[in-house]
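Breakdown of the fold
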Amino acid sequence: MRQNVNPNLAPGATSVRRTDVYFSADVETDGPIPGPFSMLSFAFVYAGKYDGKRFERPTSYDKVFYKELSPISTEFQVEALKVSGLDRDRLVLEGANPIAAMSDAFRWIKLISGDAYPVLVAYPLSFDWNWLYWYFMKFAQNGSPFDYSRCFDIKTAFAVKSAIPIAEAGRSHLPTNLASTKKHTHHAIDDAIEQAEIFANVFEWEGINGGDR
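Below: a short report on this structure.

Focus on the packing of aromatic side chains
One pass over the full model with this rule turns up 27 aromatic pairs. An angle of 75 degrees between the planes, with centres 6.1 Å apart, marks the rings of Trp-134 and Phe-139 as edge-to-face. Through successive ring pairs, a cluster of aromatic residues spans Phe-23, Phe-42, Phe-44, Tyr-46, Phe-65, Trp-108, Trp-129, Tyr-133, Phe-136 and Phe-146. For Arg-18, the ring lying beneath its charged end belongs to Tyr-117, and the centroid distance is 3.9 Å. Lying across the ring of Tyr-46, Lys-63 places its NZ or CZ 5.0 Å from the centre.

Put into structure tokens, the structure is as follows:
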């Protein structure tokens with residue numbers, strides 16, 4: 001009879017499953033990649049937790065961390081600035097120091113997570129993860145609170161549960177039962193909250209086999 005799933009456990013011992021704590025993240029930038037370009041603002045919103053059996057959706061999205069940052073280079077794309085509407089010249093003078101901002105974000109995420117695993121959530125994941133992971137590793141005193149891979153792509157989850165290709169899994173394809181009630185404003189806080197609602201809807205949705213799409 002098999003006693004232990006984890007060979008590192010002592011005979012007769014049982015492993016304790018740690019909970020995932022999700023943070024919906026959104027960034028606004030002045031270009032396509034970090035380093036040559038800068039992250040101008042970012043937000044994290046507590047988006048729920050999952051212990052392997054039960055997903056707990058927040059009753060409200062009021063646990064928020066937001067910063068506007070001083071640019072780290074002189075390079076920028078006008079088109080990117082138009083998306084967020086942020087005043088880059090103002091941020092050069094008034095934006096937060098990236099070292100302080102990313103270190104504060106690390107501590108806030110760890111405080112909210114407690115002894116659980118923080119997981120970054122985005123839709124799509126690749127853009128926001130690329131920026132945030134780079135900034136955490138470059139500037140935060142303790143690196144990334146999400147390690148190197150604790151992340152959840154809502155777009156992939158929607159595609160799998162809908163049995164559709166990734167190319168058809170953009171936000172515009174979300175049915176009304178999965179979409180957020182919030183508008184996409186390109187303000188990091190607004191968009192992180194919108195995304196957190198979508199995440200919870202998709203997470204709780206049984207998928208096409210559940211018969212509600």
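Here's the deal with the pattern of salt bridges
Enumeration according to the criterion identifies 8 salt bridges in this entry. One salt bridge in this structure joins Arg-90 and Glu-94, with 3.5 Å as the shortest N-O distance. Here Glu-94 and Arg-90 lie together in helix 2 (residues 88–94), a separation of 4 residues that amounts to about one turn. A single network of salt bridges, built from pairs that share partners, joins Glu-68, Arg-90 and Glu-94.

Some points on unusual backbone geometry
Peptide bonds are mostly trans, and most non-glycine residues show a negative phi. Each neighbour pair has its own omega, and for Tyr-123 with Pro-124 the value is -10 degrees, a cis peptide bond. Along the chain, Pro-124 falls in the loop between strand 5 (117–122) and helix 4 (125–139). The phi torsion at Ala-163 lies on the positive side, around 60 degrees, for a residue other than glycine. Counting through the fold element by element, Ala-163 comes out in the loop between helix 5 (154–162) and helix 6 (188–204).

Remarks on the packing of helix 3 (residues 98–113) against helix 4
Closest axis-to-axis distance for the helix 3/helix 4 pair is 9 Å, and the angle between their directions is 105 degrees. Considering the angle they form, helix 3 stands roughly perpendicular to helix 4. Contact residues: helix 3 offers Pro-98, Ile-99, Met-102, Ser-103, Ala-105, Phe-106 and Ile-109, while helix 4 offers Leu-132, Tyr-135, Phe-136 and Phe-139. A class-by-class count of the residues in the contact of helix 3 with helix 4 yields 10 nonpolar, 1 polar and no charged.

Thresholds, definitions, all that
Residues numbered from 1 in each chain as written. Predicted model: local features only at pLDDT ≥ 70, side-chain atom pairs only at ≥ 80, totals over all residues. Heavy atoms only, no water. Phe/Tyr/Trp six-rings, centres within 6.5 Å; stacked < 30°, edge-to-face > 60°. Lys NZ or Arg CZ within 6 Å of the ring centre and 35° of its normal. Salt bridge = Lys/Arg side-chain N within 4 Å of Asp/Glu carboxyl O. Helix = DSSP H or I, 4+ residues; strand = E, 2+ residues; numbered from the N terminus. Axes fitted to C-alpha atoms, helices over the stretch in contact; angles between N-to-C directions. Parallel < 35°, antiparallel > 145°, perpendicular 65-115°, else oblique. Contact = heavy atoms within 4.5 Å. Nonpolar A, V, L, I, M, F, W, Y, C, P; charged D, E, K, R; others polar.

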